[in-house]
Amino acid sequence: DHIQIVQNTQIDAVQKIPQLFQSGQLGIFYRPVFFSVLAILYSLFGQHIFFYHVVQLSIHILNSILVFSLFKRFFTKERSFFLSLVFLIHPINTEAVVYISAISDPLFVFFGLLAFHIMIKPPISLKKLLLGSFLLLLSLFTKEAGLIFVCIILLYYFLFIKRNIKKIILFTSIPVCIYFYFRLFIAQTFFAHLSFVPIAQLSFLERLLTIPKIIFFYIATFFMPVQLAIAQHWTVRKITFPDFYLPLLLDSIFFIFLFYIGLFLYRKRKVLFLPFFFFLLVFFIGLSLYLHIIPLDMTVAERWFYLPIIGMLGICGIIISFFKITNEKIKSIALTAIIIIIFVLSLRTMIRNTNWYDGFTLYSHDTKI
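Just so you know, these numbers come straight off a predicted model, no measurement behind them.

(A) Expanded view of the environment of Val-97. In this fold, Val-97 is placed in helix α6 (residues 94-98). Look at Val-97 and you get buried, because its relative accessible area is 9%.

Encoded structure:
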């Protein structure tokens, strides 16, 4: 926050917002909408952090409602509510919601989810396509990962709507072209090599060795959010059992399990196969940008799972849909299990929030991990 907000002279006045679209930020970013939001908040509230948190938390709540609306297309209201509630309170999302400089993650997802809902809701009109295209552009201008929503919208059309494909390709391509035009030709901000970051110091083949452990980190943290820490810069430089073979084995077991789930659905429950395939690809596409094919500024970050978790929860929703519970006793057990899950995740999130009290408290805790 000191670098991106307090000491950032680019955001200390709203009059500087047009300049944010004409140049990069901090030498490595081109996120003019993200920094414009910071500029507006800074001009209104200065360094009174309460208001920053109110805005960020409000965006997260709105995202949870949009996630509920997405899940409602595939599941019952009760299951959709449970899944979106997990998204709302899951500890892995803490970093994206309480770290002020990470507001770009909830914000780009907010614009992307709005664009998604507008562009897939019938009847399809020019007005809706233009509005959706504009929201996609805002998502891209907030964070590069907004490109994922272009893929998600196209994927949904190809799997479920299967018409107006040419129109949707056109109106999702326009914001991408505008974004790259502004970034490369107006701001002249290219994708910088972060030589000071450990993961960026590795060769491409060495970064590939780190991928199994990265994937395992996100899967393990989703199911068991015990050790949460910011600024993780570990790397895998050698092929060893604990750092390479073990995570590769566990990842393989997880994906083989998903493969057999998909095969079972295709053969026995075809009505659930396409939704399963959709959420699986949302998870894969959402995670793909953070596997360091192009090196980023740290090895893993919990805030980077803010979009992939939607795909993961969708997969869980499909698996839950296997079971049609009619026995009242089993229903009571299932409800008790849901309450326990929500309580445990909420408690873990509240405990993690205390680590974010200030920089000293956070780093004193996280350096031990």
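Structure's up, so let's keep going.
(B) How the structure looks around the layout of surface pockets. Looking at the second largest pocket, its volume works out to about 960 Å³. Lining the second largest pocket are 27 residues; nearest its centre among them are Phe-82, Ile-320, Ala-334, Ile-338 and Ile-341. Within the residue set of the lining of the second largest pocket, elements represented by two or more residues are α5 (77-89), α11 (204-223), α14 (308-320) and α15 (328-355). With nine residues, α15 is the single largest residue contributor to the lining of the second largest pocket.

(C) Broad picture of empty space enclosed by the protein. Applying the stated criterion across every chain yields a total of one cavity of 30 Å³ or more. Quantified by volume, the largest cavity comes out at close to 70 Å³. Together, Leu-70, Leu-113, Phe-116, Phe-149, Ile-152, Phe-278, Phe-279, Val-282, Leu-307 and Ile-310 line the largest cavity. Among the secondary structure elements, those contributing two or more residues to the lining of the largest cavity are α7 (104-120), α9 (147-161) and α13 (270-288). In terms of residue count, α13 provides more of the lining of the largest cavity than any other element does, three residues in total. Broken down by class, the residue content of the lining of the largest cavity amounts to 10 nonpolar, no polar and no charged.

(D) Layout of the environment of Leu-130. Topologically, Leu-130 is positioned in helix α8 (residues 126-142). On the accessibility criterion, Leu-130 (48% relative accessible area) is partly exposed. Between the C-alpha atom of Leu-130 and that of Pro-247, which follows or precedes it by 117 residues, the distance is 44 Å.

(E) Region of interest: the side chain of Thr-189. Structurally, Thr-189 is set in the loop between α10 (165-186) and α11. Within the structure, the side chain of Thr-189 is placed 3.2 Å from the backbone nitrogen of Gly-24, a separation counted as a polar contact. Those residues in contact with Thr-189 that sit more than four places away from it in its chain are Ser-23, Gly-24, Phe-29, Tyr-30, Arg-183 and Leu-184.

Reading guide: rules and limits
- Sequence order sets the numbering: in each chain, residues are counted from 1 along the sequence as written.
- Where local features are concerned, this predicted model is filtered to residues with pLDDT of at least 70; where side-chain atom pairs are given and counted, the filter is 80 or more; whole-chain, interface and lining totals use all residues.
- To get the side-chain values, all heavy atoms of the structure are used, and hydrogens and water are removed first.
- Secondary structure elements are defined from DSSP: runs of H or I of at least 4 residues count as helices, runs of E of at least 2 residues count as strands, and each element is numbered from the N terminus.
- Each residue is assigned to one of three classes by its accessible area relative to the maximum for its type, calculated with a 1.4 Å probe on protein chains only: buried under 20%, partly exposed between the two thresholds, exposed over 50%.
- Here a cavity means grid points, on a 1 Å grid over the protein atoms only, where a 1.4 Å probe fits yet cannot get out; a pocket means an open set of points with protein on both sides within 12 Å along at least five of seven lines; lining residues are those with an atom within 4 Å of a point.
- Grid points are joined across faces, edges and corners, and a volume is the space filled by probe spheres set on the points.
- Side-chain classes follow a simple rule in which Ala, Val, Leu, Ile, Met, Phe, Trp, Tyr, Cys and Pro form the nonpolar group, Asp, Glu, Lys and Arg form the charged group, and the remainder, Gly included, forms the polar group.
- Polar contacts, as counted here, are pairs of nitrogen or oxygen atoms within 3.5 Å of one another; within protein the pair requires one atom able to donate a hydrogen and one able to accept it, and residues that are adjacent in sequence qualify only if both atoms are side-chain atoms.
- In this description, contact between two residues means that some pair of their heavy atoms is separated by no more than 4.5 Å.

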